[in-house]
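This is what each chain is made of:
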Amino acid sequence: MKKYLLFFTFILSFVQAQNKLISGKIMIDGDEELINLEKINILNSNSDVKTTANSDGIFSVKVNLNDDLTFIGGGIEQRTLKITEAIFNKGFINIHLTVEVIELNEAKVFTLNKDMLKNIGKEKSFQEKMNDEMGIVTHDFKAKLNLKETETSVRRTIGQVGGLSAIGLFKTITGAHKKIKPLPKIQKSKQDQIDDLKRFYTENYFVEDLKIPKGKVTEFIDYCYTKYNFGKLLNENNYDEILNTIKEQAPKYLTKLKSEE
């Protein structure tokens, strides 16, 4: 019976040793402005563990060696990444995703006629003929001409590239690339950043993986934050260095706690 118990304990400890929390940063190749990074889901296909990224594209998830992480979200092409030994040992990854492309079966190019009325398929009314004679162009007529020009511009673009990304189509029609500016980042207080780190890595990681007492997790993060300038690392999105520091300092912090008892 003891032999079976020892064998079971060995297997359990081996499985736990293979399980590891890793972090990563999502980067959108092409255009990040109109992709909501917080809506991107990260699914561990082997364990069914699921998480999401934050507004900066940073995420954290538990994996085993050779697990598959699948990245799914509106506006991006789905991608699956295998956790190799190099990724597993490093504990941090940069993942590049691409904007989803809409393929159109048929794209026709229409050129503008010199007679602008033919472009909108409209004959002049009696009032418009009178306006022409008097040199007057109505707002309604201008609006229809502008709309037709926009449609023609979209078709010409599609015909040239054979397809158009959802974001590119939106920009072509609305001119969003001229209107949208990235919002300034809100400066968070030290305590807010400490709370964010605690939520990001999860209290479970600090208590079960790093063996920090539950009531000391916030104090431990504060200790690392102050001593290793986490504020600067957070501004640089250097979560790789933060994770390495937390793992290195946990045993030293536990020794410090014992010496104070």
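Observations regarding the confidence of the model for the protein chain
When pLDDT is low, close inspection of the predicted coordinates is not appropriate. For the protein chain, the mean per-residue pLDDT works out to 74, and 59% of the residues sit at or above 70. Ignoring residues within four places in sequence, the model shows residues 4-16, a span with pLDDT below 50, making one contact including any to other chains. Counting contacts from residues 176-180, a segment whose pLDDT is below 50, to residues more than four positions away or on other chains yields six contacts.

Thoughts on the pattern of salt bridges
The final tally for this structure, using the stated rule, is ten salt bridges. Ionic pairing is found between Lys90 and Asp240, a salt bridge with its closest N-O pair at 4.0 Å. Here Lys90 is found in helix α2 (residues 85-90), whereas its partner Asp240 is found in helix α12 (residues 239-260), with 150 residues between them in sequence. The partner of Lys198 in a salt bridge is Glu203, with the nearest N and O atoms 3.5 Å apart. By sharing partners, the salt bridges in this structure join Lys188, Asp196 and Arg199 into a single network.

Observations regarding the pairing of strand β1 (residues 20-29)
Burial analysis of β1 places eight of its ten residues in the buried class, the great majority of the element. Bridge analysis of β1 against strand β4 (residues 58-63) gives six bridges, and the strand direction is antiparallel. Looking across to β4, one finds that Lys20 is bridged to Val63. Looking at chain direction, β1 and strand β7 (residues 92-98) are connected through seven bridges and run parallel. Note that in β7 the partner of Ile28 across the bridge is Leu97.

Observations concerning the packing of aromatic side chains
Inspection of the entire model under this criterion finds ten aromatic pairs. Measuring from centroid to centroid gives 5.1 Å for Phe220 and Tyr253, while their planes differ by 55°, and the two rings are tilted. Of this pair, Phe220 sits in helix α10 (residues 217-227) while Tyr253 is found in helix α12, placing the two residues 33 residues apart along the sequence. Phe220 sits in the buried class, given a relative accessible area of 0%. Judged by relative accessible area, Tyr253 falls into the buried class, the value being 1%. Directly above the aromatic system of Phe88 lies the positively charged group of Lys20, at a separation of 5.2 Å from the ring centroid.

Concerning the packing of helix α8 (residues 190-201) against α12
Contact pair α8 / α12: the axes reach a minimum separation of 13 Å and the direction vectors enclose 80°. For the element pair α8 / α12, the angle class is roughly perpendicular. Along its contact with α8, which presents Leu197, Phe200 and Tyr201, the element α12 presents Tyr239, Ile242, Leu243 and Ile246. For the contact of α8 with α12, a count of residues per class yields seven nonpolar, no polar and no charged.

Points about the sheet that holds strand β6 (residues 79-82)
If you trace the four strands from one edge of the open sheet to the other, you get β3-β2-β5-β6, paired in antiparallel fashion. Looking at the sheet topology across the chains shown, the edges are occupied by β3 (50-52) and β6. Recorded for the sheet is a direction-independent mean angle of 20° between the axes of neighbouring strands. The sheet contact formed by strand β5 (residues 68-72) and β6 spans four bridges and is antiparallel. Within β6, the position partnered with Leu69 by the bridge is Leu81.

Looking at the sheet that holds β4
Strands sit in the order β4-β1-β7 across an open sheet of three strands; the sheet is mixed. Where the open sheet ends on each side, the last strands, each with one partner, are β4 and β7. Taking each pair of neighbouring strands and ignoring which way they run, the sheet shows an average axis angle of 35°. Along the sheet, α8 contacts β1 and β4; its crossing angle with β4, the most-contacted strand, is approximately 35°. Helix-sheet contacts for α12 involve β1, β4 and β7, and the interaxial angle to β1 is about 170°.

Structural notes on the side chain of Asp240
Relative accessible area serves as the criterion here: at 17%, Asp240 is assigned to the buried category. Non-local contacts of Asp240, meaning those with residues more than four positions away in its chain, are made with Lys90 and Phe92.

About the criteria used
- Residues numbered from 1 in each chain as written.
- Predicted model: local features only at pLDDT ≥ 70, side-chain atom pairs only at ≥ 80, totals over all residues.
- Heavy atoms only, no water.
- pLDDT = per-residue confidence, 0-100.
- Contact = heavy atoms within 4.5 Å.
- Salt bridge = Lys/Arg side-chain N within 4 Å of Asp/Glu carboxyl O.
- Helix = DSSP H or I, 4+ residues; strand = E, 2+ residues; numbered from the N terminus.
- Buried < 20%, exposed > 50% of the residue type's maximum accessible area, 1.4 Å probe, protein only.
- Pairing = 2+ DSSP bridges.
- Phe/Tyr/Trp six-rings, centres within 6.5 Å; stacked < 30°, edge-to-face > 60°.
- Lys NZ or Arg CZ within 6 Å of the ring centre and 35° of its normal.
- Axes fitted to C-alpha atoms, helices over the stretch in contact; angles between N-to-C directions.
- Parallel < 35°, antiparallel > 145°, perpendicular 65-115°, else oblique.
- Nonpolar A, V, L, I, M, F, W, Y, C, P; charged D, E, K, R; others polar.

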